[in-house]
Amino acid sequence: MRDQSSIFEAMIEITPYGAAGEVTGSAYLLRFEQTSVLVDFGLFQGDKEDDARNVVPGEIHRNHPHAVLLTHAHLDHCGRLPLLVEGGYRGPIYATDATRDLAELVLMDAAHIQESDYERRKKRAQKQGRKLQRTDLPLFDTSDVEQTLELFSVVEYNTPIDVAPGVTAIYHEAGHMLGSASIEVICSSNGNVCGRVLFSGDLGPPQLPFLRDPEPPSGPFDVVVMESTYGDREHRPLDETMEQFAAILVEAVSSKGKIFIPSFAIGRSQNILYYIAELVRTKRIPRIPIYLDSPMAIKASHLYADHHDLFDEESTELVESGSLRDNLRTVRFTETAEESKALNTKEGPFVVIAGAGMCNAGRILHHLRNNISDPTAHVIITGYQAYGTLGRKLVDGLENVSIMGDYKPVRAQIHTLGGMSAHADKPHLLKWLGSVLTSAPSASTHVVLTHGEDEARDALGESIAEQYSIQTVLPYNGITLELP
Ligand SMILES: [Zn+2]
């Protein structure tokens, strides 16, 4: 192990406080001279043990960060910000304007869920005649989120901005979700650059609908901290996925079946609509009624429309020519619960896109309870399904499942579509890193792998060693980076 001071002319320290050896809870504290900056401050997501880790670590409190730099609006990157603010943070939170808008949607939704969970626990405790415990309290509420939103300061892509004494940041397109960024951090002392660090944030694959492809900055960098979610995987090519998607829809239409697509509200729902438009445009499927049955996905779709200036060329053309609107003219937004319930009595064929993405909450549960035993119905799973969720049970082919307390035989046709991920796979991660390294001899750059389980980052690390002759660093939470 080398001493940190030998990596940088002036000491820069980086400590991860989440997403190190796992995929949630992204947070890095960067310290330089008297300055400290927090990059992302996300929620740990998973089971009860993960919930208990959602705190502001003492080290972060003690360092009084001058600024927060936010890569994108997913909850596992921004979800602990209201805790920071509740703990007294009043500095700026730098983000692109789309990230600010989407973070408002994401954090408000999380606060509402926290508040209603709390009410439920309070009622149960009253019934049982016991006192509420600290763990029963909501992590944060809507007023914490409102205070957090006041601290946002909007940044433009590719524009240097002084974020703290001696620290400049530049946001680069990351192609993962609307507004997402890789953040370049430049540390200077008395006008001399002492170190450059690049945080990849989450990286998208090329050709994601609406979004521009990632634009890796060319450095040279002393340190690159990069995600490794799918560092051990290669995604199925999109053309194959589209063929499979078309075939399911055509079959369902011919048997007048109802099609249910569980989906995350932001990103995935809009992408599915885009893919359907593409299948209609290329005449691979007929026009059929489509219901976007998620208030949050509806809001997110409006935000996408508001930020169309961020779209890539292809999507801009589809929007400007009216093609997207025309091919999606059978889409209806079902805002209210009544509109959603009305779908029960409607005859197929039609498509329902509803949350939650892993069938563990939301309106999709009602639809599945009503239709899972119908052999003409189809369920299309397009994303990762965590162990224990209803979605995972359907993917695993269970014959009977419990939905909202009802035990139901699974007779609907369950399909799993790969290839729609918003994360770059191993070949694309390697390519992104290759672009970052082009302007410097690779041996002088330290590559730190985070935001991936150990299996994924080990595999990516091996490939980086083979391809670029760089030994990667795989840190754990709370360990200040000591690069080899
Ligand atoms: Zn993300």
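To start, this report covers the structure provided alongside it. None of these values were measured; they are calculated from a predicted model. (Residues numbered from 1 in each chain as written. Predicted model: local features only at pLDDT ≥ 70, side-chain atom pairs only at ≥ 80, totals over all residues. Heavy atoms only, no water.)

**Quick look at the packing of aromatic side chains**
Then, number 1: Following the criterion strictly, the structure yields 6 aromatic pairs and no others.
Then, number 2: Ring centres of Phe-210 and Tyr-304 lie 5.5 Å apart, and the angle between their planes is 75°; this geometry places the pair in the edge-to-face category. Of this pair, Phe-210 sits in the loop between strand 10 (192-199) and strand 11 (223-227) while Tyr-304 sits in helix 9 (residues 295-306); the two residues are 94 residues apart in sequence, bridging distant segments of the chain. Each of the two residues, Phe-210 as well as Tyr-304, counts as buried.
Then, number 3: Every member of this aromatic cluster is reached through a ring pair, and the members are Phe-210, Tyr-274, Tyr-275, Tyr-304 and Phe-311.
Then, number 4: Positioned above the aromatic ring of Tyr-476 is the side chain of Arg-457, whose terminal nitrogen or guanidinium carbon lies 4.9 Å from the ring centre. (Phe/Tyr/Trp six-rings, centres within 6.5 Å; stacked < 30°, edge-to-face > 60°. Helix = DSSP H or I, 4+ residues; strand = E, 2+ residues; numbered from the N terminus. Buried < 20%, exposed > 50% of the residue type's maximum accessible area, 1.4 Å probe, protein only. Lys NZ or Arg CZ within 6 Å of the ring centre and 35° of its normal.)

**Some details on the pairing of strand 10**
Then, number 1: Pairing of strand 9 (residues 181-189) with strand 10, which is carried by 7 bridges, proceeds in the antiparallel orientation. Directly across from Ser-189, in strand 10, lies its bridge partner Asn-192.
Then, number 2: If you look at the hairpin formed by strand 9 and strand 10, you'll find 2 residues sitting between the two strands, and Asn-190 has a positive phi there, around 50°.
Then, number 3: By the bridge criterion, 3 bridges tie strand 10 to strand 11 in an arrangement that is parallel. Residue pairing for strand 11: Leu-198 is matched across the bridge by Val-224. (Pairing = 2+ DSSP bridges.)

**Considerations on the sheet that holds strand 5 (residues 93-95)**
Then, number 1: Strand order across the open sheet formed by 6 strands is 1-2-3-4-5-6, with mixed pairing between neighbours. In this open sheet, the two strands that pair with only one neighbour each are strand 1 (12-16) and strand 6 (152-154). Ignoring which end each strand starts from, the neighbouring axes of this sheet average 25° apart.
Then, number 2: With 3 bridges connecting them, strand 3 (residues 35-41) and strand 4 (residues 67-69) associate as parallel partners. Looking across to strand 4, one finds that Leu-38 is bridged to Val-68.
Then, number 3: With respect to the sheet, helix 5 (residues 97-128) is in contact with strand 5 and strand 6, its orientation differing from that of strand 6 by roughly 150°. (Axes fitted to C-alpha atoms, helices over the stretch in contact; angles between N-to-C directions. Contact = heavy atoms within 4.5 Å.)

**Some words on the environment of Ile-479**
Then, number 1: Secondary-structure assignment places Ile-479 in the segment after helix 16 (454-468).
Then, number 2: Contacts of Ile-479, omitting those with residues within four sequence positions, involve Ile-14, Thr-15 and Pro-16.

**Section: a negative patch on the surface**
Then, number 1: Together, Asp-232, Glu-453, Glu-455, Asp-458, Glu-462 and Glu-466 line one region of the surface with negative charge.
Then, number 2: Structurally, Glu-462 is set in helix 16. (Patch = residues over 30% accessible without salt bridge, like charges linked within 9 Å, V, L, I, M, F, W, Y side chains within 5 Å. Areas by Shrake-Rupley, 256 points an atom, 1.4 Å probe, with all protein chains shown as cover. Salt bridge = Lys/Arg side-chain N within 4 Å of Asp/Glu carboxyl O. Lys, Arg positive; Asp, Glu negative; His and termini not counted. Charge placed at Lys NZ, Arg CZ, Asp CG, Glu CD.)

**So, the coordination of the zinc ion**
Then, number 1: For the zinc ion, the full set of protein donor atoms is His-72 (NE2), His-74 (ND1), His-176 (NE2) and Asp-202 (OD), at a range of 2.2 to 2.4 Å.
Then, number 2: Taken together, the 4 donor atoms coordinating the zinc ion span angles of 89 to 171° at the metal, a pattern that classifies the geometry as irregular.
Then, number 3: Donor residues for the zinc ion, ordered by position in the chain, follow H-x1-H-x101-H-x25-D. Placement of His-72 in the loop between strand 4 and helix 3 (75-78) and of His-176 in the loop between strand 8 (167-173) and strand 9 is noted, with a sequence separation of 104 residues between them. Accessibility classification places His-72 together with His-176 in one group, the buried group. (Donors = N, O, S within 2.8 Å, 3.2 Å for Na, K, Ca; no water. Tetrahedral: all angles 85-135°; square planar, octahedral: opposite > 155°, others 65-115°.)

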